[in-house]
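# Structure assessment
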Amino acid sequence: MTSLPQAIGSLALAALLSACAQSPQTPPAPPPQARPAPPPAPMDFSQTLPAYDWDLAAAYDARGQSMPGWRLPGRQPLRLHFQDDRLAVQNLCNAIGASYQLAGERIEVGLGVMTKRLCPEAGLMALEQRVAAQLPLAQRLVLRRGAGNAAPQLALHFTDGARWELVGAPTPATRYGSAGERVFLEVAPRTVPCNNPLMPRAQCLRVRELRYDDRGLRQSAGEWRVLHGGIEGFEHEAGFRQVLRVQRFPTARPGQPTPADAPTHAYVLDTVIETERVR
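Overview of the structure. Because the structure is predicted, anything quoted here is derived from the model rather than measured.

## Description of the overall build of the protein chain
- Looking only at helices and strands, one finds 4 helices and 17 strands in the protein chain.
- The burial tally for the protein chain puts 29% of its 279 residues in the buried class.

As structure tokens, this is what we get:
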């Protein structure tokens, strides 16, 4: 005869064996693996280069040592502008231009052509000659995306082992979303009140649009008007009448409201055509 404790123990053991037989233990599922982020798409040189102006940030020799003399104190860094197979060097005294060709990351730059204006700043003409001699040695480009909203960076390698590091700034065409329109403006030697109630003491440029024929001869001149918003890149000097070649961009964007008192166009200086002192 089986005692009560033995009977209870037998029943518990039988229940445990039955549960094990009916419900075999399965190992826990491993945590889901995070999918690796896809690599960023390679930057298209033919699209990215013309979309930015490239300002020189640093220069290095073949040993990776910093090279002085490529930036002058108190002046903007030299700027490279790529467009329509033409390379222009800006922020110097004279304009330097050259042709260029791309093949992947390889670049070939033709001999530069430079205007012959005398430069009063010390060392500036020497820098221009140094730049004009260096550009035909360009060999290879490396584009790097900026982190987040940071500007892209461009490394320009030369056949002598030197390297320029440049930082991109969106061109006006990129910022305003259009190629713009080339126009010629004559700027009066004196500014006038802007007549803007929000800026009662502000002074504005007084301009008129000029038109030239294919030979560069003036054909007509528009009416004088007050230019609200100024001209990007142009500093007016009282007493001087100037003729400017500028790019004009509509400021309105599709689907975006435009303030009623905002200028309808933005103007960006291309080059100064004429300068005359007016007494």
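Once the structure has been displayed, the description carries forward.
## A short note on the environment of Arg-279
- Tracing the chain through its elements places Arg-279 in the segment after β17 (265–277).
- Residue classification places Arg-279 among the exposed positions, given a relative accessible area of 92%.
- For the pair formed by Arg-279 and Phe-240, sequence separation is 39 residues and the distance between their alpha carbons is 8.6 Å.

## Details of the state of the cysteines
- Per the stated rule, a full pass over the model turns up 2 disulfides.
- Note on cysteine connectivity: Cys-93 is disulfide-linked to Cys-119, with sulfurs 2.3 Å apart. Across the S-S bond of Cys-93 and Cys-119 the torsion is about -100 degrees, and the bridge reads as left-handed. Of this pair, Cys-93 sits in the loop between β3 (86–90) and β4 (96–103) while Cys-119 sits in the loop between β6 (113–114) and α3 (124–134), placing them 26 residues apart in sequence.
- Cys-93 gets classed as buried once you look at its relative accessible area, which sits at 11%.
- Each disulfide pairs two cysteine sulfurs, and for Cys-194 the partner residue is Cys-204, the sulfurs being separated by 1.9 Å. Between Cys-194 and Cys-204, the S-S torsion sits near 105 degrees, and that sign places the bridge as right-handed. Here Cys-194 is found in the loop between β11 (192–193) and β12 (203–212), whereas its partner Cys-204 is found in strand β12, with 10 residues between them in sequence.
- When its relative accessible area of 4% is taken as the criterion, Cys-194 is described as buried.
- Sequential numbering of the bridged cysteines in the protein chain gives the disulfide pattern 1-2, 3-4.

## Here's the deal with the side chain of Glu-165
- Residue position: Glu-165 is located in strand β9 (residues 163–170).
- Apart from residues lying up to four places away in sequence, Glu-165 is in contact with Asp-55, Leu-56, Ala-57, Ala-58, Tyr-60, Arg-144, Leu-154 and Ala-155.

## Remarks on the pattern of salt bridges
- Enumeration over the complete set of coordinates arrives at 17 salt bridges.
- When the shortest N-O distance is used, the salt bridge between Asp-61 and Arg-63 registers 3.7 Å.
- According to the relative accessible area criterion, Asp-61 is buried, its value standing at 19%.
- Accessibility expressed as a relative area gives 70% for Arg-63, which makes it exposed.
- With its nearest N and O atoms 3.2 Å apart, the salt bridge here joins Arg-241 to Glu-186. Taken as a pair, Arg-241 in strand β16 (residues 240–250) and Glu-186 in strand β10 (residues 181–187) lie far apart in primary sequence, 55 residues in all.
- One salt-bridge network, in which partners are shared between bridges, spans Glu-186, Arg-208, Arg-241, Glu-274 and Glu-276.

## Looking at empty space enclosed by the protein
- Applying the stated criterion across every chain yields a total of 1 cavity of 30 Å³ or more.
- When its volume is computed, the largest cavity comes out at roughly 40 Å³.
- Lining the largest cavity are Trp-70, Arg-71, Leu-72, Arg-75, Gln-76, Pro-77, Leu-78, Asn-91, Leu-92, Leu-124 and Leu-127.
- When grouped by side-chain class, the residues that make up the lining of the largest cavity number 7 nonpolar, 2 polar and 2 charged.

## Topic: the environment of Tyr-212
- The residue Tyr-212 is located in strand β12 in this model.
- Between the alpha carbons of Tyr-212 and Val-183 there is a distance of 9.7 Å; along the sequence they are 29 residues apart.
- Beyond its immediate stretch of four places on either side in the chain, Tyr-212 contacts Phe-184, Leu-217, Arg-218, Gln-219, Val-243 and Glu-274.

Cut-offs applied
- Residues numbered from 1 in each chain as written.
- Predicted model: local features only at pLDDT ≥ 70, side-chain atom pairs only at ≥ 80, totals over all residues.
- Heavy atoms only, no water.
- Helix = DSSP H or I, 4+ residues; strand = E, 2+ residues; numbered from the N terminus.
- Buried < 20%, exposed > 50% of the residue type's maximum accessible area, 1.4 Å probe, protein only.
- Disulfide = S-S within 2.5 Å.
- Contact = heavy atoms within 4.5 Å.
- Salt bridge = Lys/Arg side-chain N within 4 Å of Asp/Glu carboxyl O.
- 1 Å grid on protein atoms, 1.4 Å probe; cavity = no way out; pocket = protein on both sides within 12 Å on 5 of 7 lines; lining within 4 Å.
- Points joined across faces, edges and corners; volume = space filled by probe spheres on them.
- Nonpolar A, V, L, I, M, F, W, Y, C, P; charged D, E, K, R; others polar.

Note that all results are geometric; they support no functional claim without further evidence.
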